[in-house]
Amino acid sequence: QVQLVESGGGLVQAGGSLRLSCAASGRTFSNYAMGWFRRAPGKEREFVAAISWSGRSTDYADSMKGRFTISRDNARNTVYLQMNSLKPDDTAVYYCACGAAAWTSRAEQGYDYWGQGTQVTVSS
């Protein structure tokens with residue numbers, strides 16, 4: 001059974017940083033792309049970032065480029081999202097997802113397992 005467990009969320013002031021982690025189990029983690037999505041209050045879930053199976057290829061939503069960095073440690077079966085220069089608009093529940101393939105995707109349909117999410121709240 002595949003499990004994805006996110007951690008690292010919390011309350012931070014605008015301009016601050018947080019590092020999210022997602023620990024995966026139940027699958028050969030290194031074979032698959034991983035992604036982060038988020039759902040803000042009253043909005044649809046949206047793509048944040050993705051990383052290919054090897055970590056050599058990454059993709060970011062435009063509003064996150066330059067502020068967020070996705071990385072992975074295949075030896076630890078963990079993917080990370082470093083978030084800097086946080087804004088109140090970044091307030092959301094952040095979800096980790098395991099891809100259905102080795103390459104990145106911006107679509108939710110490109111992922112077949114999801115974590116429960118971790119809350120990130122950015123105060124102004």
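The following paragraphs examine the structure supplied in this document. (Residues numbered from 1 in each chain as written. Predicted model: local features only at pLDDT ≥ 70, side-chain atom pairs only at ≥ 80, totals over all residues. Heavy atoms only, no water.)

Considerations on the environment of S63
Applicable threshold: Elements are defined by DSSP. Helices are runs of H or I of four residues or more, strands are runs of E of two residues or more, and each kind is numbered from the N terminus.
As for its position among the elements, S63 is in the loop between β6 (58-60) and β7 (68-73). Spatially, the C-alpha atom of S63 lies 27 Å from that of S30, the residues being 33 residues apart in sequence.

Some words on the side chain of D59
Heads up, the condition is: Identification of polar contacts relies on pairs of N or O atoms within 3.5 Å, with a donor-acceptor requirement for protein atoms, meaning one able to donate a hydrogen and the other able to accept it, and with residues adjacent in sequence counted only if both atoms are side-chain atoms. Pairs of residues are marked as contacts when any of their non-hydrogen atoms sit within 4.5 Å.
Assignment of secondary structure puts D59 in strand β6. In terms of polar contacts, D59 uses its side chain to reach the side chain of R106, at 2.7 Å. With sequence-adjacent residues up to four places away left out, D59 is seen in contact with F47, V48, A49, A50, T104 and R106.

Section: the state of the cysteines
Put simply, the rule reads: Cysteine sulfur atoms that come within 2.5 Å of each other are treated as a disulfide pair. Exposed residues in this analysis have more than 50% of their type's maximum accessible area, buried residues have under 20%, and partly exposed residues fall in between, with area computed by a 1.4 Å probe over protein chains only.
Per the stated rule, a full pass over the model turns up one disulfide. Paired by a disulfide, C22 and C96 hold their sulfur atoms 2.0 Å apart. Looking along the S-S bond of the C22-C96 disulfide, the torsion reads about -75°, which is the left-handed sense. Of this pair, C22 sits in strand β3 (residues 18-25) while C96 sits in strand β9 (residues 92-99), and the two are 74 residues apart along the sequence. Relative accessible area serves as the criterion here: at 0%, C22 is assigned to the buried category. As a non-bridged cysteine, C98 has C96 as the owner of its nearest cysteine sulfur, 7.6 Å distant. By relative accessible area, which is 2% here, C98 ends up buried.

Digging into the packing of aromatic side chains
For clarity, the cut-off: Here is the rule: rings of Phe, Tyr and Trp (six-membered ring for Trp) pair when centre to centre is within 6.5 Å. Planes less than 30 degrees apart are stacked, more than 60 are edge-to-face, and the remainder are tilted. In this scheme, the term charge over a ring applies when either NZ of a lysine or CZ of an arginine sits within 6 Å of the ring centre and within 35 degrees of the ring normal.
Applying the stated rule across the entire model yields four aromatic pairs. The ring of Y95 carries R45 above its face, with NZ or CZ at 4.9 Å from the centroid. The ring of F29 is capped by R72, whose NZ or CZ atom sits 4.4 Å from the centre of that ring.

As for the sheet that holds β3
As a reminder, the rule being used: Here, strands pair whenever DSSP counts at least two bridges between them. Whenever a helix is involved, its axis is fitted only over the stretch in contact; in every case the axis is a line through C-alpha atoms, and angles between N-to-C directions fall within 0 to 180 degrees.
Read from one edge of the open sheet, four strands run β1-β3-β8-β7, paired in antiparallel fashion. Taken across any chain shown, the strands that pair with only one partner, and hence form the sheet edges, are β1 (3-7) and β7. With strand direction ignored, the average angle separating the axes of adjacent strands in the sheet is 15°. With six bridges connecting them, β7 and strand β8 (residues 78-83) associate as antiparallel partners. Its bridge partner lying in β8, F68 is registered against M83.

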